[in-house]
Amino acid sequence: YLEAHGEEPDPYSVYAYAAAQAVLVAMETASETELNRANVLTALSELETYDGIITFGFDENGDNNNAAFIGYDFVDGNFANPVSITPTMHEDCGE
């Protein structure tokens, strides 16, 4: 990317790339019956785990099952020590 465009990719580019990969997989799955919008959406919603450039999938509500916010320390003018902030992270904190 750097060579082709002369700059580093945006930090969120990986998510767009992964989403495109997942849609292509869903299209491939949908084409086993009939490739149309409804079948692609069904195949995408049934994607429980997709291992591509990142790993993600969807739960029964269509929500990303691997979503997390990332928290950082700010050390010497730079972001440092990334930590995933998830709804269940408190379970690992102990008493």
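Nothing here was measured: the structure is a model prediction, and the numbers come from that model. (Residues numbered from 1 in each chain as written. Predicted model: local features only at pLDDT ≥ 70, side-chain atom pairs only at ≥ 80, totals over all residues. Heavy atoms only, no water.)

Engineer: Whenever I open this one, the pairing of strand β3 (residues 69-75) confuses me. Can you help?
Structural biologist: The side chains of a regular strand alternate, first on one face of the sheet and then on the other. Summarising the sheet, β3 and strand β4 (residues 78-85) pair through six bridges and their orientation is antiparallel. For G71, the partnering residue across the bridge sits in β4 and is V83. Between the end of β3 and the start of β4, which pair antiparallel, lie two residues, with D76 showing a positive phi angle near 50°. (Pairing = 2+ DSSP bridges. Helix = DSSP H or I, 4+ residues; strand = E, 2+ residues; numbered from the N terminus.)

Engineer: Where do I start with the packing of aromatic side chains in this structure?
Structural biologist: In this description, an aromatic ring pair is defined by two values, namely the gap between the centres and the angle between the planes. Under the definition given, this model contains five aromatic pairs. Plain terms: the ring middles of F56 and F58 are 5.9 Å apart, the flat faces sit at 80° to each other, and that makes the pair edge-to-face. Three or more aromatic residues joined by ring pairs form one cluster here, namely Y50, F56 and F58. (Phe/Tyr/Trp six-rings, centres within 6.5 Å; stacked < 30°, edge-to-face > 60°.)

Engineer: Teacher, can you tell me more about unusual backbone geometry here?
Structural biologist: Across the chain, the bulk of peptide bonds are trans and the bulk of non-glycine residues have phi less than zero. The backbone of D76 shows a phi angle near 50°, a positive value even though the residue is not glycine. With respect to the secondary-structure elements, D76 resides in the loop between β3 and β4. You can call D76 exposed: its relative accessible area is 74%. The residue N81 is not glycine, and still its phi comes out positive at about 55°. Owing to a relative accessible area of 46%, N81 belongs among the partly exposed residues under this scheme. (Buried < 20%, exposed > 50% of the residue type's maximum accessible area, 1.4 Å probe, protein only.)

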